[in-house]
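# Analysis of the macromolecular model
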Amino acid sequence: MAFKTLAAFVFTLATIQAANGAVTRRVACPDGKNTVANAACCSLFAIRDDLQENLFDNGECGEDVHESLRLTFHDAIGFSISAEKAGQFGGGGADGSIATFASIETNFHASIGVDEIVNEQAPILARHNITAGDFIQFAGAIGVSNCPGAPQLNFLLGRPTATQPAPDKTIPEPFDTVDTILARFADAAKFTPAEVVALLASHTIAAADEVDPTIPGTPFDSTPEIFDTQFFIETQLRGTLFPGTAGNQGEVLSPLAGEMRLQSDSELARDSRTACEWQSMVNNQAKMISTFKAAMLKLSVIGQDVSKMVDCSDVIPVPPAPQGHAHFPAGQTSADVEQACAATPFPTLPTDPGPASTVLPVPPS
């Protein structure tokens, strides 16, 4: 099965979580408002409220949520199994090194623009007794909880402080080949191709600022404020235009005005190793959120000793219910699909009425 490796990981983690739960009964926190399964998690409520009020615009699924989710990936993926086996430092994984050593890691080519969210998060991080590694993953999980249709992500507390920056070249680029991307994910945490597809559900609430700097905030699908399957639909439509200028590295033709398509997303949607998994997400909200949640859990503990961590997932709010339905954007039909999965037909979807869709940029926070 595609998720055999992840299933074994989740089973091991569930055993640890059960053990942690057996140690501490559900307790009332000192704030007099909240209860948790483990008292060690009580301090997180103040951080949650600070994030929502001062970073996420009182609970919106906006730009800083997108960027905080991106930061969870850029921090955690900085790990190499092969380097460690060779006796070299392979990185600390999800250890907060991208914030602790921001002057180094945010200057890596793959992390252009990440310095903005690192700087925005820094004052909140400084106000609380939490490591950068824990804060980055916690902020990402809290932010995602603002997005309708998203899963309630897990959060484990207990990452130690990073001692050195991650090596460069550990973050995949949008112009990398599928071979390179899959190899990088496998070397980071033995991610399977199916798990890579699952993680890319993050692009349903994402936008690009730096691929084409003339059009910051350009979304990857037509509903960047909703965690839905539109990203997996629209990446399989025939590209016909660039939303801004042409010739940008890592960008290919998009089907909709105002929407950006990354080269890596386009190729993964059409590669024989990932195309059917990609298509399986279309109009399958339940699968998308369950596989994304599981893959994000795996990502969030790369390089960490899970047996020494505390499960604080009950601090993460339950996201709002999904909105809308899977559809072709106005002006698009099944005839515009570039069918890549040979095993099953593309799902039948309705087309939104009206003139051809134009996607608006994500406004700055």
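For the structure itself, consult the block above.
Definitions and limits used
Residues numbered from 1 in each chain as written. Predicted model: local features only at pLDDT ≥ 70, side-chain atom pairs only at ≥ 80, totals over all residues. Heavy atoms only, no water. Salt bridge = Lys/Arg side-chain N within 4 Å of Asp/Glu carboxyl O. Helix = DSSP H or I, 4+ residues; strand = E, 2+ residues; numbered from the N terminus. Buried < 20%, exposed > 50% of the residue type's maximum accessible area, 1.4 Å probe, protein only. Core = buried A, V, L, I, M, F, W, Y, C linked by side-chain atoms within 4.5 Å. Contact = heavy atoms within 4.5 Å. Phe/Tyr/Trp six-rings, centres within 6.5 Å; stacked < 30°, edge-to-face > 60°. Patch = residues over 30% accessible without salt bridge, like charges linked within 9 Å, V, L, I, M, F, W, Y side chains within 5 Å. Areas by Shrake-Rupley, 256 points an atom, 1.4 Å probe, with all protein chains shown as cover. Lys, Arg positive; Asp, Glu negative; His and termini not counted. Charge placed at Lys NZ, Arg CZ, Asp CG, Glu CD. Disulfide = S-S within 2.5 Å. Axes fitted to C-alpha atoms, helices over the stretch in contact; angles between N-to-C directions. Parallel < 35°, antiparallel > 145°, perpendicular 65-115°, else oblique.

### Some points on the pattern of salt bridges
The full count for this structure, using the stated rule, is 14 salt bridges. Where Glu195 meets Lys298, a salt bridge forms, and the shortest distance between an N and an O atom there is 3.1 Å. Placement of the pair is Glu195 in helix H10 (residues 193–199) and Lys298 in helix H14 (residues 285–300), with a sequence separation of 103 residues. Just as Glu195 is buried, Lys298 falls in that class too. A salt bridge links Arg270 to Glu338; the shortest N-O distance between them is 2.8 Å. With Arg270 in helix H12 (residues 263–270) and Glu338 in the segment after strand S8 (310–311), the pair connects residues that are 68 residues apart, well separated along the chain.

### Focus on the nonpolar core
A general tendency of soluble globular proteins is for nonpolar side chains to be buried together. Of all hydrophobic cores here, the largest spans 88 residues; its most connected members are Leu44, Leu51, Phe138, Phe191 and Phe232. When residues no more than four places from it in sequence are discounted, the contact partners of Leu44 are Ile130, Phe138, Phe155, Leu157, Cys312 and Val315.

### A short note on the packing of aromatic side chains
Applying the stated criterion across every chain, the model contains eight aromatic pairs. Ring plane angle 50° and centroid distance 5.5 Å describe the contact between Phe231 and Trp278, whose orientation is recorded as tilted. Separated by 47 residues along the polypeptide, Phe231 in helix H11 (residues 230–234) and Trp278 in helix H13 (residues 275–280) bring together distant segments of the chain. Each of the two residues, Phe231 as well as Trp278, counts as buried.

### Concerning the environment of His325
Assignment of secondary structure puts His325 in the segment after S8. Here the alpha-carbon distance between His325 and Gln230, two residues 95 residues apart in the chain, equals 8.9 Å. With residues up to four places along the chain from it excluded, the contact list for His325 reads Gln230, Pro350 and Asp352.

### A word on a negative patch on the surface
Taken together, the side chains of Asp115, Glu116, Glu120 and Glu210 make up a negatively charged region of the molecular surface. By the secondary structure assignment, Glu116 is in helix H7 (residues 114–126). Here Glu116 falls in the partly exposed class, since its relative accessible area comes to 45%.

### Digging into the state of the cysteines
Such a bond, covalent and formed between the sulfur atoms of two cysteines, is termed a disulfide. Applying the stated criterion across every chain, the model contains four disulfides. A sulfur-sulfur distance of 2.0 Å marks the disulfide that ties Cys41 to Cys312. One disulfide, between Cys41 and Cys312, carries an S-S torsion of -80° and so falls in the left-handed class. With Cys41 in the loop between strand S2 (35–36) and helix H2 (44–54) and Cys312 in the segment after S8, this pair connects stretches of sequence that are 271 residues apart. The exposure class of Cys41 is buried, given its relative accessible area of 0%. The side chain of Cys61 participates in a disulfide bridge whose partner is Cys147; the two sulfur atoms lie 2.0 Å from each other. Across the S-S bond of Cys61 and Cys147 the torsion is about 85°, and the bridge reads as right-handed. With Cys61 in the loop between H2 and helix H3 (63–76) and Cys147 in the loop between helix H8 (132–144) and strand S3 (156–157), this pair connects stretches of sequence that are 86 residues apart. Residue class for Cys61 comes out buried when judged on its relative accessible area of 11%.

### A word on the packing of H3 against H7
Where H3 meets H7, the closest approach of the two axes is 9 Å, and the angle between their N-to-C directions is 105°. By the criterion of interaxial angle, the relationship of H3 to H7 is roughly perpendicular. Here H3 contributes Asp64, Glu67, Ser68, Arg70, Leu71 and His74 to the contact with H7, which in turn contributes Val114, Ile117, Val118, Glu120 and Gln121.

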